[in-house]
Amino acid sequence: MNVFEAVKQSVTTRQAAEHYGIRVNRNGMALCPFHNDKNPSMKVDRRFHCFGCQADGDVIDFVAKLYGMPSKEAAVKLAGDFSVSYDAKGHSPPAGRPGRKSVRGELRFRQEKQWCFRVLSDYYHLLGKWKTEYAPAPEDAQWHPLFVEALQKQEYIGYLLDTLLSGTMEEKAALVAEQRGEVIRIEQRISGYAASRHERSRLARTGTDGR
Ligand SMILES: [Zn+2]
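Residues numbered from 1 in each chain as written. Predicted model: local features only at pLDDT ≥ 70, side-chain atom pairs only at ≥ 80, totals over all residues. Heavy atoms only, no water.

1. A short note on the packing of helix H3 (residues 59–67) against helix H4 (residues 71–81)
Here's step 1: In the contact formed by H3 and H4, the axes pass within 8 Å of each other and the chain directions differ by 105 degrees. Judged by the inter-axis angle, H3 sits roughly perpendicular to H4. Of the residues in H4, those touching H3 at Val59, Ile60, Val63, Ala64 and Tyr67 are Ser71, Ala74, Ala75, Lys77 and Leu78. (Axes fitted to C-alpha atoms, helices over the stretch in contact; angles between N-to-C directions. Helix = DSSP H or I, 4+ residues; strand = E, 2+ residues; numbered from the N terminus. Parallel < 35°, antiparallel > 145°, perpendicular 65-115°, else oblique. Contact = heavy atoms within 4.5 Å.)

Here is the structure:
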């Protein structure tokens, strides 16, 4: 995909306008930067259109006009400012496969990675809490299972989080693929824990208030 297509697909004019300091109101209207506008008369969404001066176009036209630069330059600027990857000589292509399909695949991967990270970091914090909350007293013959789980798992989960944060693209992709099942189990584990905790505190409340 070339830079023009990539940018137009990824960045709306509204996002660009706001990024470059133009205030857009709730109705998607802004003061037109291309004529002496007193009231917001420019509609900005995916494209833009000014009802005052008839300026009109897509996000690349908008930035080209705003900065007085050629379209190609505007597209490259947008790609840089919004981290849009694209294929072109002299620029690094997005991890391999070009085309529409890979953009969707990349998006799916990113969402999955974020989901993994969210679940794992929730779990990591929970383990940290269990480690102190259920720490055994010296006289305890048996350790609380949640404390044991924290001891067993926290370091490993921390390692997975580190990889998701600072690993290479390949390491992250491998982790997401390998841990998918485990992350689903952890997600269920966390919601099961939250539910049982809620149930316990409900029982405790009705137990004391009820009779
Ligand atoms: Zn205008």
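2. Overview of the coordination of the zinc ion
Here's step 1: Looking at the zinc ion, the protein donor atoms are Cys32 (SG), His35 (ND1), Cys50 (SG) and Cys53 (SG), and they sit 2.1 to 2.3 Å from it.
Here's step 2: Because the angles between the four donor atoms bound to the zinc ion fall within 103 to 116 degrees, the donor set is best described as tetrahedral.
Here's step 3: Spacing between the donor residues of the zinc ion along their common chain follows C-x2-H-x14-C-x2-C. Taken together, the positions of His35 in the loop between strand S1 (29–30) and strand S2 (42–44) and Cys53 in the loop between strand S3 (48–50) and strand S4 (56–57) put the pair 18 residues apart, joining distant regions of the chain.
Here's step 4: For Cys53, a relative accessible area of 30% translates into the label partly exposed. (Donors = N, O, S within 2.8 Å, 3.2 Å for Na, K, Ca; no water. Tetrahedral: all angles 85-135°; square planar, octahedral: opposite > 155°, others 65-115°. Buried < 20%, exposed > 50% of the residue type's maximum accessible area, 1.4 Å probe, protein only.)

3. A short note on the pattern of salt bridges
Here's step 1: In the structure shown here, the tally under the stated rule is nine salt bridges.
Here's step 2: Glu18 serves as the salt-bridge partner of Arg14, at 3.6 Å between the closest nitrogen and oxygen. With Arg14 and Glu18 both in helix H2 (residues 13–19), this residue pair falls four residues apart, about one helical turn.
Here's step 3: A salt bridge links Lys77 to Asp81; its shortest N-O distance comes to 3.2 Å. Here the residue Lys77 and the residue Asp81 both occupy positions in helix H4, the gap between them amounting to four residues, near one helical turn. (Salt bridge = Lys/Arg side-chain N within 4 Å of Asp/Glu carboxyl O.)

It is worth stressing that arrangement in space is one thing and function is another; only the former is reported here.
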